[in-house]
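Below are the chains, spelled out letter by letter.
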Amino acid sequence: PAFAPPMHSSPHAQNPFYMDQKQHHQRPTFIDYISGSCALQMCIAIDFTGSNGDPRKYGTLHYKHQDGQLNDYEKAIVGVGSILEKYDFDKKFPVWGFGAKYGGVIQHCFQVGHKQEADGVKGVLDAYRSVFRNPLTMSGPTVFADCIAQAASRARREQAEAQQRGTQAYTVLLLLTDGSVTDI
């Protein structure tokens, strides 16, 4: 005949659905890590630069609605935070801000709120809202490298502590900004 199928040594070789077990490598899923004693931590960094607009003016990203409606930053905090909070063992989150001027000095990474870690998403919202009760000037430029370095330092420390316990740690940085970035 003009065409002859190739000869195969294995009875499975002609089966297109057969997969050799040596070739099959399944990647762990997020749930595999969490159920396998990997601790998840979330850090939050919020943009307080002038490019966000005056928080007293309707339509700006930090505007405080009188009817209790969430602004864009609050929606992001609740949307992402409420999901990740379920997997965070202590539900305590460090919250940092960047781009605000306090006492005439631009701060590229400052603590948001009165405590080093906010208690849950509600605590994050309270800490965020407390910033506007302080004498700050929304300034610039948008430099968040210091916040990334702070989160990375924390992640390394948490991972080292987890390894001593025989577990793992995974840190997520939720970086909220309006997109006008200077240092990337």
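Only a predicted model underlies this, so the values are computations on that prediction, with no experimental measurement involved. (Residues numbered from 1 in each chain as written. Predicted model: local features only at pLDDT ≥ 70, side-chain atom pairs only at ≥ 80, totals over all residues. Heavy atoms only, no water.)

1. Topic: the packing of aromatic side chains
Here's step 1: The tally for this structure, following the rule as stated, stands at seven aromatic pairs.
Here's step 2: Taking the centre distance of 5.8 Å and the plane angle of 45° together, the rings of F48 and F110 count as tilted. Of this pair, F48 sits in the loop between β1 (38-47) and α2 (72-84) while F110 is found in strand β6 (residues 110-111), placing the two residues 62 residues apart along the sequence.
Here's step 3: On the numbers, 5.5 Å between centres and 85° between planes, the contact of Y128 with F132 is edge-to-face.
Here's step 4: The exposure class assigned to Y128 is buried, which follows from its relative accessible area of 1%.
Here's step 5: A network of ring pairs unites the aromatic residues F48, Y102, F110, Y128 and F132 as a single cluster. (Phe/Tyr/Trp six-rings, centres within 6.5 Å; stacked < 30°, edge-to-face > 60°. Helix = DSSP H or I, 4+ residues; strand = E, 2+ residues; numbered from the N terminus. Buried < 20%, exposed > 50% of the residue type's maximum accessible area, 1.4 Å probe, protein only.)

2. A word on helix α3 (residues 120-130)
Here's step 1: Extensive coverage of α3 is indicated by the burial of eight of its eleven residues.
Here's step 2: For α3, the full list of buried residues reads G120, V121, G123, V124, L125, A127, Y128 and S130.
Here's step 3: Structurally, α3 contributes buried residues whose contacts are with β1, α2, β2 (92-93), β3 (95-98) and β7 (118-119). (Contact = heavy atoms within 4.5 Å.)

3. Side note on α2
Here's step 1: A rise of 1.5 Å per residue sets the reference length of α2, with its 13 residues, at 18 Å; its end C-alpha atoms lie 18 Å apart and thus fit the reference within 8%.
Here's step 2: Of the positions making up α2, those classed as buried are Y73, E74, I77, G81 and L84. Projected onto a plane normal to the axis of α2, the buried residues spread over an arc of 110° and lie on a single side.
Here's step 3: For α2, the secondary structure elements touched by its buried residues are β1, α3 and β9 (168-176).
Here's step 4: Where α2 begins, one side-chain oxygen reaches toward the backbone nitrogen of Y73, 3.0 Å away; that side chain belongs to N71. (Expected span 1.5 Å × (residues − 1). Arc of directions from axis to C-beta. Polar contact = N/O pair within 3.5 Å; in protein donor to acceptor, adjacent residues only side chain to side chain.)

4. Let's talk about the nonpolar core
Here's step 1: If you look at the biggest cluster of nonpolar residues, it comprises 24 residues, and the most contacted ones within it are I44, I46, F48 and I77.
Here's step 2: Listing elements by their share of this core, those giving two or more residues are β1, α2, α3, β8 (136-138) and β9.
Here's step 3: If one sorts the elements of this core by residue count, α3 sits on top with five residues.
Here's step 4: Apart from residues lying up to four places away in sequence, I46 is in contact with H62, Y73, I77, V95, W96, G97, F98, Y128 and L176.
Here's step 5: The next biggest cluster of nonpolar side chains, apart from the first, holds seven residues, and it includes W96, F98, F144 and C147. (Core = buried A, V, L, I, M, F, W, Y, C linked by side-chain atoms within 4.5 Å.)

5. With respect to the packing of α2 against α3
Here's step 1: Interaxial distance between α2 and α3 falls to 10 Å at its minimum, and their mutual angle equals 160°. By the angle between their axes, α2 is roughly antiparallel relative to α3. Handedness of the α2/α3 crossing: right-handed. Counted together, Y73, E74, I77, V78, G81 and S82 of α2 and V121, V124, L125, Y128 and R129 of α3 form the full contact between these two elements. (Axes fitted to C-alpha atoms, helices over the stretch in contact; angles between N-to-C directions. Parallel < 35°, antiparallel > 145°, perpendicular 65-115°, else oblique. Left-handed = near helix turned anticlockwise from the far one by under 90°.)

6. Focus on the pattern of salt bridges
Here's step 1: Within the structure shown, the criterion is met by six salt bridges.
Here's step 2: Taking the shortest distance from any N to any O, the salt bridge between D119 and K92 comes out at 2.6 Å. Separated by 27 residues along the polypeptide, D119 in strand β7 and K92 in strand β2 bring together distant segments of the chain.
Here's step 3: The class of D119 is partly exposed, set by a relative accessible area of 37%.
Here's step 4: For K92, a relative accessible area of 32% gives the class partly exposed.
Here's step 5: What emerges from the salt-bridge pattern is a single network uniting K92, K115 and D119. (Salt bridge = Lys/Arg side-chain N within 4 Å of Asp/Glu carboxyl O.)

7. With respect to the sheet that holds β3
Here's step 1: As summarised here, the arrangement of the four strands in space is β6-β3-β1-β9, forming an open sheet in which the pairing is mixed. Where the open sheet ends on each side, the last strands, each with one partner, are β6 and β9.
Here's step 2: Pairing geometry for β1 and β3, over four bridges, is parallel. Opposite I44, over in β3, you have V95 as the bridge partner.
Here's step 3: Across the sheet, α2 lies against β1 and β9, angled at about 165° from β9, the strand it touches most. (Pairing = 2+ DSSP bridges.)

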